[in-house]
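# Results of the structural survey
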Amino acid sequence: MSNRNKKKRPVQGGNASKRRSQESFQLPKVSERKNPDPISSRDYVITVIELVLFCAIWLIAVRQLFLMKTVLATFLIGVLYFAGAFSMYIVRAALETRRRYGKTDRKTMLYYNQMIKGDQKWSLYIGMSFFAVFLVMRWLIPSPNFNMVGIDIATAFYLGYIWTAKYKGEESLPFEYMETIFLLLTVVSNYIVYFLG
């Protein structure tokens, strides 16, 4: 009997440590307004400036990077792509936390991001549909200068997520036009660079 008890102890300890680690992560306590203010014109102006700024940075940068055709250029294109999408995600979170919780800080932004729920089924359907369209487009009009398959995949499935994600599974995300316009621009930017020189 003593040998059996000794063998069981490590398993119990392992389960206890798992429980403690699960209990240690808790969402921060945030007081949410019952009736948040409507989205202001100032918020729209901020998001439009963010969109125009990153679209301009993208077009200026890729005009040189597409022509380099090196591993470093490919890496920099990827970094710039995800920096743009991530920046827009953060801007939305900052504006929404101030509107919903009255302040913007690390705690409220963490809480807000945890409240965003995606629809995996419809996100996948939309992502696959976009990717199919991009494949047909690349077949009809081959991509000049640069292989865009990575950007096509990322754009298709990120748009699927953004278009289906909802706050607490109920409210659609605001300012979706930021990612939509920027990501679709990245898909066709190689044609723009090629034809405009």
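Everything below is about the structure printed above this text.
A short tour of the structure in this document, coming up. Bear in mind that the values here come from a model prediction, so they are computed numbers and not experimental data. (Residues numbered from 1 in each chain as written. Predicted model: local features only at pLDDT ≥ 70, side-chain atom pairs only at ≥ 80, totals over all residues. Heavy atoms only, no water.)

Moving on, we get to the sheet that holds strand β3 (residues 171–172). Read across the sheet, three strands follow the order β1-β2-β3 without closing on themselves; strand pairing throughout is antiparallel. Strand pairing shows two members of the sheet lacking a second neighbour, β1 (116–117) and β3, which therefore form its edges. Bridge count for strand β2 (residues 166–167) against β3 is two bridges, and the pairing is antiparallel. Considered in β3, the bridge of Lys166 is made with Ser172. (Pairing = 2+ DSSP bridges. Helix = DSSP H or I, 4+ residues; strand = E, 2+ residues; numbered from the N terminus.)

Here the focus is the packing of helix α5 (residues 120–140) against helix α6 (residues 149–164). Relative placement of two packed helices is described by the angle separating their axes and the distance separating the axes. One can describe the packing of α5 onto α6 by two numbers: an axis separation of 8 Å at closest approach and a directional angle of 145°. The interaxial crossing formed by α5 with α6 has right-handed handedness. Here Trp122, Ser123, Leu124, Ile126, Gly127, Met128, Phe130, Phe131, Phe134 and Arg138 of α5 lie close against α6, whose contacting residues are Asp152, Ile153, Thr155, Ala156, Phe157, Leu159, Gly160, Tyr161, Trp163 and Thr164. (Axes fitted to C-alpha atoms, helices over the stretch in contact; angles between N-to-C directions. Left-handed = near helix turned anticlockwise from the far one by under 90°. Contact = heavy atoms within 4.5 Å.)

What follows covers the nonpolar core. Counting 29 residues, the largest nonpolar core has Trp58, Phe66, Ile77, Met88, Ile151 and Phe182 as the members making the most contacts within it. Here Ile77 is in contact with Trp58, Leu65, Phe66, Phe146 and Ile151, once residues within four sequence places are set aside. Judged by nonpolar contacts, the second largest core, of twelve residues, contains Tyr101, Met109, Tyr111 and Ile116. (Core = buried A, V, L, I, M, F, W, Y, C linked by side-chain atoms within 4.5 Å. Buried < 20%, exposed > 50% of the residue type's maximum accessible area, 1.4 Å probe, protein only.)

Time to look at the pattern of salt bridges. Taken as a whole, this structure holds nine salt bridges when the rule is applied. For the salt bridge of Arg99 with Glu96, the shortest nitrogen-to-oxygen distance reads 2.8 Å. With Arg99 and Glu96 both in helix α3 (residues 71–101), this residue pair falls three residues apart, about one helical turn. Both residues of the pair, Arg99 and Glu96, belong to the buried class. Arg100 is paired through a salt bridge with Glu171; the nearest N and O atoms lie 2.8 Å apart. One end of the pair, Arg100, is in helix α3; the other, Glu171, is in strand β3, with 71 residues separating them in the sequence. Residue classification places Arg100 among the buried residues on the basis of a relative accessible area of 4%. (Salt bridge = Lys/Arg side-chain N within 4 Å of Asp/Glu carboxyl O.)

The values reported here are purely geometric and, on their own, carry no functional implication.
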